[in-house]
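Observations on chain architecture
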Amino acid sequence: MTERISPELSLRLELLKCRLQQAVLDRRYRQNDRKNRDFADLYITEQDVLELLENKKRKTRKSDAYEYEKIDARGMELREKIKKCPKEDSLFSLLRYNFGLSEQEAFICLFISAPDLDPDFDIIVAFLQDNLHLKRPSVSLVTELFFDAELTHASEIRHILGPKGTLCSKGLIYTDEKSVKDNLSFFNHRLIPSLSLIDFWLNNILLSANLDAFAELLAPKHTVFEGAYYKRHNRWLQCHEQTFNRISSNSQGNGFAFLLLGQPGIGLEQLVQGAAWHFNRRVLKINMEYFATDLPRDFDRIMKEALSQAALWSSVLHFDFLKIEDERRVLILLQKIPRELFRTSLTTCYFTALNTSRPVWHSLSVILNIEQFDPPVGKERKELWKVTWTKQAGESLDDALFGELGARYQFTPEDISIAVSESLFDGAINEHNKNNVLTRVCRQFKTHNLDHLATRITCKYTWDDLIVPGDVLLQLREICDAAKYTGKVYDDWGFEQKISMGKGLTTLFSGESGTGKTMSAEIIAGTLGLELYRIDLSMMVSKYIGETEKNITGVFDEAKKCNCMLLFDEADALFGKRSEVKDAHDRYANIEVDHLLQTLEMHEGIVILTTNFLQNLDPAFMRRIKYTVDFPFPDEVHRERLWNRAIPETAPKSPRIDYTFLSKKFALTGASIKNIAINSAFLAASNGQTIEMHHLIWAIKREYQKMGKFPNRSEFGPYYELVKEVVGA
């Protein structure tokens, strides 16, 4: 291993060996003094105790003046050679500078690391401690070699070598756990170098094996932010450079902490790398999500080693909290991080976290600067789509498409880059279908986690399947147009400047069950290329105070990530009228409704609510509605169209089916007609026949029973006897 050590460091190791030679000579004198004693190592004599009390054991006792002179001369020669080594290549000097160490402290670090650098030190250290198994130096041995026992107080030794001493707190060395477990005295503790320190001496610019699972060592990277969205990013970099230069004019430029708030994918990591590049520093990035669920017992030591690694290679520390959504977890981790990390002058720390966790960070008075970065809005997203596509594809597309994508999908810059890459690498892409492929990739781009809060609905219906009055159809088309041209109206035409809240598209569908409300929601989602999620009210409402609000916020936050369309079926269950407060239950129920109304107003996506009881909705909720569509009970004309569409063309059906009679006599909704058609098909299939009129009549009777109605002659007319005959069979 020694061939990988720099020449200057080899000379310093030789200098250490000179000091150890002197220690061996001291041992020879003591051994000669004791060698004629039987069982000398198995008991303590009165003379041994007197020497300790008189402090004689720690005095240097030269057994051979000539040998000592030779060792001193060799030491002088080595020091002269060290002086001639290039200062800019000196790892020893770099260690001292980066950690603010004295020459004595730096030599102690080198000695503790020596067994890992040169195998000769294993044997020497074991010999000096009279035990072949003790190849790590103890505090006692380090004290003997580097401190004058008569002039050094024990507190000074603890200040350097103790668990909270200079070298341990900076993560350069640590105490062997077994020494502590065995309840050994402080001077018998074994000292172990950090892996980062070993790699440093070997000039290995590598991530320590202890940090590999959750950390990255990133090289300095010049970051160029282009576009209107990145104005704030570029302004922060300029201000940061000025601030950094100002506050570091009287220091090494370390000991400061900066907090960047935002969300994943908007360039916060690149900001940290860009800031580090200005000062030619690497970035040691720590993924704090790794510790969010299971905090290791040695977390304190791990963090100190991260600090040590960063300082050794003149790196900045980047603690990434962006993937931790639970504020309580963030607070726990901040409380567990050693305070020395925040007060250190060894490096600069950058923290990135979600906007929602801002209150947690105010407890840290050491944060020098807090900056918040919002995700791009419609116009900015349009430009990002255009710039990213042009850069990756080498050509441009219709601006209208980019505007539509920017308005429809609330993607981050990183999401947009990935979506463009996937579109270009799609095997089906060609000159004529680029728009369709890009839209399809965006639709399949899953950036949310709604599955545990809602049920995804596959949109199979089209406009041809919807049979409603013309005005209702026109309203539904208007809703689609409003969603499609959101970017143009709010961004290009400047209406965004007039509206601070309520830019979302909230629509209320009212009407009896089975009149086409849910089908219409599916058609709108399919037309706009959005995923449709039906909110499960049983998972939203909780008996525990505050949990309902938390679930509501979670649903809207997840939907916001990719502009999923939300469907609240039976909305009156959540958006019901607030009641007079008579007890605590009423008060908290009203708070839940208030929170839901506020969240709905802040949401910029599409939300569709359906209800059978319009009169039960809270009046304040109606103010937040953009469109209200009333689905009437189908009349005879529309029922006949529903009957004609109910049975697929591929199904075997009789030409004698009288759709006019069915639509005229039976006042049914579209959902009931669909159920009857399916049940009649099962009856026909079980008899091995085509679907006949009597199958439909029988299925109508069953549907009536489900509704609590019974067949009568006035409705069934000439088919009433047929029903009776079937019943009696």
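Fair warning: this is a prediction, and the values are worked out from it, not measured in the lab. (Residues numbered from 1 in each chain as written. Predicted model: local features only at pLDDT ≥ 70, side-chain atom pairs only at ≥ 80, totals over all residues. Heavy atoms only, no water.)

**Some thoughts on the overall build of the chain**
The secondary structure content of the chain amounts to 34 helices and 14 strands. Per-residue burial for the chain yields a buried fraction of 47% across its 729 residues. Partitioning the contacts of the chain with sequence separation of at least 6, the portion at a separation of at least 24 is 75%. As displayed, the chain has an accessible area near 36,900 Å², and 51% of this comes from carbon and sulfur atoms. (Helix = DSSP H or I, 4+ residues; strand = E, 2+ residues; numbered from the N terminus. Buried < 20%, exposed > 50% of the residue type's maximum accessible area, 1.4 Å probe, protein only. Contact = heavy atoms within 4.5 Å. Areas by Shrake-Rupley, 256 points an atom, 1.4 Å probe, with all protein chains shown as cover.)

**A closer look at unusual backbone geometry**
Not every positive phi belongs to a glycine, and Asn203 is a case in point at roughly 60°. Positive phi is not limited to glycine here, since Asn280 has a value of about 55°. The topology assignment puts Asn280 in the loop between α13 (268–278) and β5 (282–287). Taking the relative accessible area as the measure of exposure, Asn280 reaches 64% and is therefore exposed.

**A word on the nonpolar core**
Burial of nonpolar side chains together is a common tendency in soluble globular proteins. In terms of nonpolar packing, the biggest core is built from 64 residues, with Trp385, Leu476, Phe509, Ile524 and Met565 touching the most fellow members. Once residues within four sequence positions are removed from consideration, Ile524 is found in contact with Leu476, Ile479, Cys480, Phe509, Met565 and Ile608. By size, the runner-up hydrophobic cluster in this structure holds 55 residues, among which are Ile108, Ala114, Val125 and Ile160. (Core = buried A, V, L, I, M, F, W, Y, C linked by side-chain atoms within 4.5 Å.)

**Notes on the sheet that holds strand β10 (residues 505–511)**
On the basis of which strands lie adjacent, the open sheet formed by six strands has the order β9-β11-β12-β13-β10-β14 and mixed pairing. Each edge of the sheet is formed by a strand with only one pairing partner; in this case those strands are β9 (454–457) and β14 (627–631). If you compare each strand with its neighbour and ignore which way they point, the axes differ by 25° on average. Where helix α22 (residues 470–484) meets the sheet, it contacts β10, β13 (606–611) and β14, and its direction lies at approximately 150° from that of β14. (Pairing = 2+ DSSP bridges. Axes fitted to C-alpha atoms, helices over the stretch in contact; angles between N-to-C directions.)

**Topic: the pattern of salt bridges**
All chains considered together, the criterion is met by 22 salt bridges. Among the salt bridges present, the one from Lys17 reaches Glu14, with a minimum N-O distance of 3.9 Å. Taken as a pair, Lys17 and Glu14 lie in helix α1 (residues 7–34) at a separation of three residues, close to a single helical turn. Here Asp118 makes a salt bridge to Lys17, at a shortest N to O gap of 3.1 Å. Note that Asp118 is positioned in the loop between α5 (103–117) and α6 (120–128) and Lys17 in helix α1, a separation of 101 residues in sequence. Given the relative accessible area of 17%, Lys17 is considered buried. (Salt bridge = Lys/Arg side-chain N within 4 Å of Asp/Glu carboxyl O.)

**So, the pairing of β13**
The buried fraction of β13 is high, at six of six residues. Neither face of β13 is exposed, since Ile606, Ile608 and Thr610 on one face and Val607, Leu609 and Thr611 on the opposite face are all buried. Note that β10 and β13 share six bridges and pair parallel. Among the inter-strand pairings, Leu508 is bridged to a residue of β13, identified as Leu609. With three bridges connecting them, strand β12 (residues 565–568) and β13 associate as parallel partners. Across the sheet, Leu566 pairs through a bridge with Val607, a residue of β13.

**Digging into the side chain of Gln22**
Secondary-structure assignment places Gln22 in helix α1. For Gln22, a relative accessible area of 15% corresponds to the buried category. Among the polar contacts made by the side chain of Gln22, one reaches the side chain of Asp72 at a distance of 2.9 Å. Not counting residues within four places of it along the chain, the set of residues in contact with Gln22 comprises Tyr68, Ile71 and Asp72. (Polar contact = N/O pair within 3.5 Å; in protein donor to acceptor, adjacent residues only side chain to side chain.)

**Examining empty space enclosed by the protein**
All chains considered together, the criterion is met by two cavities of 30 Å³ or more. Considered as a void within the structure, the second largest cavity measures approximately 40 Å³ in volume. Every residue along the wall of the second largest cavity is listed here: Glu8, Arg12, Ile82, Cys85, Pro86, Lys87, Ser90 and Ser93. For the lining of the second largest cavity, the per-class residue count stands at three nonpolar, two polar and three charged. (1 Å grid on protein atoms, 1.4 Å probe; cavity = no way out; pocket = protein on both sides within 12 Å on 5 of 7 lines; lining within 4 Å. Points joined across faces, edges and corners; volume = space filled by probe spheres on them. Nonpolar A, V, L, I, M, F, W, Y, C, P; charged D, E, K, R; others polar.)

**Quick notes on the environment of Leu567**
By secondary structure assignment, the location of Leu567 is in strand β12. Each C-alpha atom, one on Leu567 and one on Leu508, is 10.0 Å from the other, the two residues being 59 residues apart in sequence. Not counting residues within four places of it along the chain, the set of residues in contact with Leu567 comprises Ile457, Thr518, Ala521, Leu532, Tyr533, Arg534, Ile535, Ile608 and Thr610.

**Quick look at helix α24 (residues 517–528)**
End to end, α24 covers 17 Å across 12 residues, agreeing with the expected 16 Å (1.5 Å per residue, within 8%). Within the sequence span of α24, burial applies to Lys517, Ser520, Ala521, Glu522, Ile523, Ile524, Ala525 and Leu528. (Expected span 1.5 Å × (residues − 1).)

**So, the environment of Asp326**
By the secondary structure assignment, Asp326 is in the loop between β6 (315–320) and α15 (327–336). Residue Asp326 is classed as partly exposed on the basis of its relative accessible area of 29%. Between the alpha carbons of Asp326 and Ser357 there is a distance of 8.1 Å; along the sequence they are 31 residues apart. Polar side-chain contacts of Asp326 include one of 2.9 Å to the backbone nitrogen of Arg328.

**Focus: helix α19 (residues 399–408)**
Of all 10 residues making up α19, seven are buried, and the element is well covered by its neighbours. Along α19, the residues that are buried comprise Leu401, Phe402, Gly403, Leu405, Gly406, Ala407 and Arg408.

**Overview of the packing of helix α4 (residues 91–99) against helix α14 (residues 299–312)**
Packing of α4 against α14 brings their axes to within 9 Å, and their N-to-C directions diverge by 120°. One finds that α4 runs oblique with respect to α14. Considering only the axes of α4 and α14, their crossing is right-handed. Here Leu94, Leu95, Asn98 and Phe99 of α4 lie close against α14, whose contacting residues are Ser308, Ala311 and Leu312. Its residues placed into classes, the contact of α4 with α14 shows five nonpolar, two polar and no charged. (Parallel < 35°, antiparallel > 145°, perpendicular 65-115°, else oblique. Left-handed = near helix turned anticlockwise from the far one by under 90°.)

**Brief notes about the confidence of the model for the chain**
Looking at the chain as a whole, the pLDDT averages 81, with 85% of positions reaching at least 70. Segment residues 56–63 is flagged for pLDDT under 50; beyond a separation of four residues in sequence, or across chains, it makes 19 contacts in the model. Note on residues 578–588: pLDDT is under 50 here. Beyond four places in sequence and across chains, it has 13 contacts. (pLDDT = per-residue confidence, 0-100.)

**Details of the packing of aromatic side chains**
Centre distance and the angle of the planes are the two values used to describe a pair of aromatic rings. On inspection of all chains with the given rule, the structure shows 23 aromatic pairs. An angle of 20° between the planes, with centres 5.5 Å apart, marks the rings of Phe258 and Tyr350 as stacked. Here Phe258, found in strand β4 (residues 257–262), pairs with Tyr350, found in strand β7 (residues 349–354); they are 92 residues apart in sequence, far enough to count as distant. Classification of Phe258 by relative accessible area gives buried; the value is 2%. (Phe/Tyr/Trp six-rings, centres within 6.5 Å; stacked < 30°, edge-to-face > 60°.)

**Notes on the side chain of Ser308**
Note on placement: Ser308 falls in helix α14. Among the residues examined, Ser308 registers a relative accessible area of 0% and is labelled buried. For Ser308, the side chain forms a polar contact with the main-chain oxygen of Gly171, separated by 3.2 Å. Ignoring sequence-local partners within four residues, the contact set of Ser308 consists of Phe99, Lys170, Gly171, Leu172, Ser194 and Ser196.

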